[in-house]
Amino acid sequence: MYTVLIKGGEVFDGSGREAFRADIALQGDKIAAIGEQLKEPAELVVDADGLAVAPGFIDIHTHTDATIFSCPMSTSKLLQGVTSEVIGSCGVGAFPVHPSYRGELLEYLKIHGFSFPAQGVTWEDLTGYAAELGKLKLGTNLLPQVAHGALRGAVVGFGAQKPTAAMQAQMEQLLALAMEQGAWGMSAGLIYPPGSFADTEELIGLARVIKDYDGLFSIHIRGESQTLRQSLDEAIGIARESGARVQISHLKAMGRTQWGMGRECLELLQRSREAGVDIAADQYPYEASSTSLTALVPQWAHSGGVARLLERLDDPDLVANIKEEIGREINMRGGAERIRITALASPKNREAALGKSLAQIAAAWNLSPEETVVRLLKEEKGVVNAVYFSMDPEDVKTILSDENVGVGSDGSGMAREKGKTTHPRSFGTFARVIGPCVREGILPLELAIYKMTGLNARRLGLTDRGLLRPGLAADLTVFDPAAVCDRADFLDPQQYPVGIEYVFVNGELAVRRGALTGAAAGRVLLKKP
Ligand SMILES: [Zn+2]
């Protein structure tokens, strides 16, 4: 007797091949059989006639570790059919922790929207962190990466200092320890301090360790606008020099001067692969990015952390230069009307700024856009989030149609919360790709599914998920291909998708008819060394 029998669906097995009609049987947390007209009875029978059956989606780029202690079910992901999430992205993550730099680490995580368990950060390494995550009732499987920012912070501190040879060796040792403990690789965020202070040489040294453990090095590259080309070249160089598998995170061409570069980026990566470099990318399917408003502030002004940044914003000798550079950055990203404030804390500014564009706020305050940014950052102590509509829709489509670019939301798992603004990618990414993007003809459904299952699993070295095969883990998503659709948009981003009918996580039914069943079957997945 099977535990579950999914009958008569169109099976997309995650390999990219065309769908075929079959029944799928689950036994416990594994796929037991795939075939025509499976006869054995089952405790639960799901009629999938007219529905698509796919491996559970693997979100290869998330910030769900920021929200996991407040939303362990990762509701917005699970309801999209996501069953596994890679955490610790963009160089931002919660381990390793060195006692001397704990305060600065917490401050840096807070800027990136992290919440923590009531007892605080009690862990020091991945083993301790994974144990803490394991106490939660998790909705999805979590795959931790080492965050380069946290790693560097634990050894060098959070300032701009170049590591000494001894510090470099110590970072490499700590990274190796985390890989021994089951990390899937490392992420770097080369626009966010302290990761932005790392030079290429430092990163190559660390990438060699990742290579030794056959992990993935995910890089949020140093520049996604004017310096896009040289930033891609840096990442390709790191992959070539180290031999590590490298993933360009959220590939995009940002800012007016770069519009139309999507094709060129893909060709550059393709040529590198043909030359033997193991490099690919992931992407979220939106024309706007979302990050801290501090991303508009020049790098040098960040050195020493948020407290120092706020001091500089108060320093009359420095603030003129900072404003000038902010102004240039705003223009480059497409203008003040293309930047919208999505999160800040103080009630007064929520009223004045939340959901509005920088241009609107500036007009209301009778300030220039750059003065508006400085005022917001000062009043909110640096904690302001914004979305930047700085991509060309055609580039987004071009990149989305590429078979070597996986789907990754760059978002975090959340439950719908009244009055909260965020980027819609946390609620809509996967349904948007398999729904509207497929129906628009940007890519065929089997390719869309491959890009969120088989491809992502292969990049990660995750061998027991991402495909529908007997013996593999029973993570499955069953959806209505005609109806599936994202509903989250920039005005109302916290909306769950429609058309995701059933989601199984480790063999347990977690979503039924588009609603959570209450089953919390997610696990912390660690890479076997
Ligand atoms: Zn990033």
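Residues numbered from 1 in each chain as written. Predicted model: local features only at pLDDT ≥ 70, side-chain atom pairs only at ≥ 80, totals over all residues. Heavy atoms only, no water.

**Student:** How should I be thinking about the overall build of the protein chain in this particular structure?
**Tutor:** Broken down by element type, the protein chain carries 18 helices and 21 strands. Taken against the 2.2 N^0.38 rule, which gives 24 Å for 529 residues, the C-alpha radius of gyration of the protein chain at 22 Å falls within 12% of a compact globule. Every one of the 529 residues in the protein chain was classed for burial, and the buried ones make up 61%. Nonlocal contacts in the protein chain, meaning residues at least 24 apart in sequence, comprise 75% of its contacts between residues at least 6 apart. Summing over all exposed atoms, the protein chain offers an accessible surface of approximately 19,200 Å²; the carbon and sulfur share of this is 50%. Charged side chains in the protein chain number 54 positive and 65 negative. The centres of these two groups are separated by 2 Å. (Helix = DSSP H or I, 4+ residues; strand = E, 2+ residues; numbered from the N terminus. Rg over C-alpha atoms; globule rule 2.2 N^0.38 Å. Buried < 20%, exposed > 50% of the residue type's maximum accessible area, 1.4 Å probe, protein only. Contact = heavy atoms within 4.5 Å. Areas by Shrake-Rupley, 256 points an atom, 1.4 Å probe, with all protein chains shown as cover. Lys, Arg positive; Asp, Glu negative; His and termini not counted. Charge placed at Lys NZ, Arg CZ, Asp CG, Glu CD.)

**Student:** Mind showing me how you'd approach the coordination of the zinc ion here?
**Tutor:** Ideal donor angles around a metal are set by the shape: a four-donor tetrahedron calls for 109.5 degrees, a six-donor octahedron for 90 or 180 degrees. The zinc ion binds to the protein through Cys90 (SG), His220 (ND1) and His250 (NE2); the donor distances cover 2.0 to 2.2 Å. Each donor residue of the zinc ion lies on the same chain, and together they follow the pattern C-x129-H-x29-H. Of this pair, histidine 220 sits in strand 11 (residues 216–220) while histidine 250 sits in the loop between strand 12 (245–248) and helix 9 (262–274), and the two are 30 residues apart along the sequence. As far as the burial class goes, histidine 220 and histidine 250 line up, both buried. (Donors = N, O, S within 2.8 Å, 3.2 Å for Na, K, Ca; no water.)

**Student:** Would you mind showing me how to read the sheet that holds strand 13 (residues 279–283) here?
**Tutor:** Backbone hydrogen bonds are what pair the strands of a sheet, in a parallel or an antiparallel way. One open sheet accounts for six strands, arranged 9-10-11-12-13-17; its pairing is parallel. Either end of the sheet is taken by a strand with one partner, and the two such strands are strand 9 (146–147) and strand 17 (405–407). Here strand 12 pairs with strand 13 via three bridges, running parallel. Residue pairing across strands places glutamine 247 opposite alanine 280, the latter belonging to strand 13. Helix-sheet contacts for helix 9 involve strand 12, strand 13 and strand 17, and the interaxial angle to strand 13 is about 150 degrees. (Pairing = 2+ DSSP bridges. Axes fitted to C-alpha atoms, helices over the stretch in contact; angles between N-to-C directions.)

**Student:** It is not clear to me how the side chain of aspartate 475 should be interpreted in this structure. Could you clarify?
**Tutor:** Looking at the element boundaries, aspartate 475 is found in the loop between helix 18 (454–460) and strand 18 (476–479). We classify aspartate 475 as buried; its relative accessible area is 5%. Side chain to side chain, aspartate 475 and asparagine 141 meet in a polar contact 3.1 Å long. Within the structure, aspartate 475 has its side chain in polar contact with the backbone nitrogen of asparagine 506 (distance 2.8 Å). Leaving out residues up to four positions away in the same chain, aspartate 475 has contacts with Ala54, Pro55, Gly56, Thr83, Ser84, Asn141, Arg465, Leu468, Phe504, Val505 and Asn506. (Polar contact = N/O pair within 3.5 Å; in protein donor to acceptor, adjacent residues only side chain to side chain.)

**Student:** Explanation requested: the packing of aromatic side chains in the structure shown.
**Tutor:** What characterises a pair of aromatic rings is the spacing of the ring centres plus the angle enclosed by the ring planes. Tallying each qualifying case throughout the model produces eight aromatic pairs. With centroids separated by 5.0 Å and ring planes inclined at 50 degrees, the aromatic side chains of tryptophan 123 and tyrosine 129 adopt a geometry described as tilted. In this structure, tryptophan 123 and tyrosine 129 share a single accessibility class: buried. Clustering of aromatic rings is evident, with ring pairs tying together Phe69, Phe95, Trp123 and Tyr129. We note arginine 375 situated over the ring of tryptophan 365; from NZ or CZ to the ring centre the distance is 3.6 Å. Above the plane of the ring of tyrosine 284 lies arginine 425, whose end atom (NZ or CZ) is 4.6 Å from the centre. (Phe/Tyr/Trp six-rings, centres within 6.5 Å; stacked < 30°, edge-to-face > 60°. Lys NZ or Arg CZ within 6 Å of the ring centre and 35° of its normal.)

Any link to function would need more than the numbers given here.
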